[in-house]
Amino acid sequence: GDSVTQMEGPVTLSEEAFLTINCTYTATGYPSLFWYVQYPGEGLQLLLKATKADDKGSNKGFEATYRKETTSFHLEKGSVQVSDSAVYFCALYSDRGSTLGRLYFGRGTQLTVWP
Amino acid sequence: DSGVTQTPKHLITATGQRVTLRCSPRSGDLSVYWYQQSLDQGLQFLIQYYNGEERAKGNILERFSAQQFPDLHSELNLSSLELGDSALYFCASSPLSGVSRGEQYFGPGTRLTVT
C-alpha cells in the first residue's frame, strides 16, 4: 500500500546550519507530496507541496523536489533559524479507489535549532 | 489561525466513559478529516466526511464514530474509553473531496486524557 518513510529524529542543529530531512515514498499512480510542520502546541500547517514529478515546492526558505526516479521528496533549508524548531511531517496524497481523500503521513522528524 | 476550530481544548475523563469532540471546518470547506496523534502511533488518519457523507475510513476503532451535520460541523464520538485512547485528536478540513490533493487545514486539536 501507499506509505511514507522519513528519517528518524530528533535533529539538532545550530542556527544558520544547513538542513536536510529525508523522505521517501511508496505509491501506485501519481501521488501529490507535501511537507507539513507542527509548531509546539499547535496543529499541523501546510509548509509546501509538489503535485507532479520534478516539481519543486518552496516556502519560507524551505524547498523540496519531487523525484519520481528515486521516489523521494527531501526537505532542505540553507540556513535554519531558532524559529524553525518544530516537528516536520512528510505526506503523500493518494486518490486511487477506496483511498480517495487520504493523506499518508510519515512519523515526523523533530527539529531543534540552538542559537 | 487555520480557520478550523475544535472544542474542547482539553478533556480529562475516566475509563469506560464516552466523550464527544467537536470540529467546525473553515468557511466553505466541505471535507472534514479526523486524526489521532500519539507518541507511539504517530499521526493516524481516522475518518473523512464530505458534505455529510462518509468518504474514507482509516484506523478507526469500532468504539469510535463520527458524523458531519448539515451545517458541516463534525463530531467524533469516543466510547468505552481506554487508557490507550489518550491522545491528541485533530480535525482538518479542505475545500473539495479528491480535488484538494492533500491540502488540509488543521485545527488546534483536543487533548484527551483518560485516567
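Residues numbered from 1 in each chain as written. Chains lettered and ligands numbered in written order. Predicted model: local features only at pLDDT ≥ 70, side-chain atom pairs only at ≥ 80, totals over all residues. Heavy atoms only, no water.

A.B. asks: Go over the overall build of chain B with me, naming the residues and quoting the values.
C.D. replies: When helices and strands are counted, chain B shows zero helices and eleven strands. For a compact globule of 115 residues, the expected C-alpha radius of gyration is about 13 Å, and chain B comes in at 13 Å, within 12% of that figure. Taking the principal axes of its C-alpha atoms as reference, chain B extends roughly 40 × 25 × 25 Å. Counting over 115 residues, chain B shows a buried share of 53%. Residue pairs at least 24 apart in sequence account for 55% of intrachain contacts in chain B once pairs closer than 6 positions are excluded. Summing over all exposed atoms, chain B offers an accessible surface of approximately 5300 Å²; the carbon and sulfur share of this is 49%. (Helix = DSSP H or I, 4+ residues; strand = E, 2+ residues; numbered from the N terminus. Rg over C-alpha atoms; globule rule 2.2 N^0.38 Å. Buried < 20%, exposed > 50% of the residue type's maximum accessible area, 1.4 Å probe, protein only. Contact = heavy atoms within 4.5 Å. Areas by Shrake-Rupley, 256 points an atom, 1.4 Å probe, with all protein chains shown as cover.)

A.B. asks: Describe in detail the interface of chain B and chain A, supporting the description with residues and values.
C.D. replies: Listed as interface residues are 24 residues of chain B and, on the opposing side, 21 residues of chain A. Overall, the association of chain B and chain A removes approximately 1800 Å² of surface from exposure, summing both partners, and the carbon and sulfur fraction of that is 47%. Along the contact surface separating chain B from chain A lie one salt bridge. Where chain B packs against chain A, one counts five residue pairs in polar contact (both at pLDDT 80 or more). Looking at the side of chain B that touches chain A, the elements that each hand over two or more residues are strand 4 (31-38), strand 5 (42-50) and strand 6 (53-57) of chain B. For the side of chain B that touches chain A, the leading source of residues is strand 5 of chain B, giving four residues. When grouped by side-chain class, the residues that make up the side of chain B that touches chain A number nine nonpolar, eleven polar and four charged. (Buried area = accessible area lost by both parts, 1.4 Å probe. Salt bridge = Lys/Arg side-chain N within 4 Å of Asp/Glu carboxyl O. Polar contact = N/O pair within 3.5 Å; in protein donor to acceptor, adjacent residues only side chain to side chain. Nonpolar A, V, L, I, M, F, W, Y, C, P; charged D, E, K, R; others polar.)

A.B. asks: Which residues make up the pattern of salt bridges, and what values do they have?
C.D. replies: Enumeration according to the criterion identifies eight salt bridges over all chains in this entry. The salt bridge involving K49(A) is made with E103(B); its shortest N-O contact spans 2.1 Å. With K49(A) in strand 6 (residues 44-50) and E103(B) in the loop between strand 9 (87-94) and strand 10 (105-106), this residue pair bridges two chains. Its relative accessible area of 19% is what places E103(B) among the buried residues. For the salt bridge of D55(A) with K52(A), the shortest nitrogen-to-oxygen distance reads 3.3 Å.

A.B. asks: If you had to explain the layout of surface pockets to someone new, which residues and values would you point to?
C.D. replies: When its volume is computed, the largest pocket comes out at roughly 630 Å³. If you trace the largest pocket, you find 27 residues lining it, with Q38(A), Q37(B), L39(B), L88(B) and R111(B) closest to the centre. Broken down by secondary-structure element, the contributors of at least two residues to the lining of the largest pocket are strand 10 (86-94) of chain A together with strand 4, strand 5, strand 9 and strand 11 (110-114) of chain B. Looking at the lining of the largest pocket element by element, the count peaks at four residues for strand 11 of chain B. Per-class residue counts for the lining of the largest pocket are eleven nonpolar, twelve polar and four charged. Within this model, the second largest pocket holds a volume of roughly 240 Å³. Surrounding the second largest pocket, 13 residues form its lining, L44(A), Q45(A), D1(B), S2(B) and F106(B) being those nearest its centre. Elements represented by at least two residues in the lining of the second largest pocket include exactly strand 6 of chain A together with strand 10 of chain B. Broken down by element, the residue count for the lining of the second largest pocket peaks at three residues, all from strand 6 of chain A. (1 Å grid on protein atoms, 1.4 Å probe; cavity = no way out; pocket = protein on both sides within 12 Å on 5 of 7 lines; lining within 4 Å. Points joined across faces, edges and corners; volume = space filled by probe spheres on them.)

In short, the description is geometric, and any link to function would need to be established separately.
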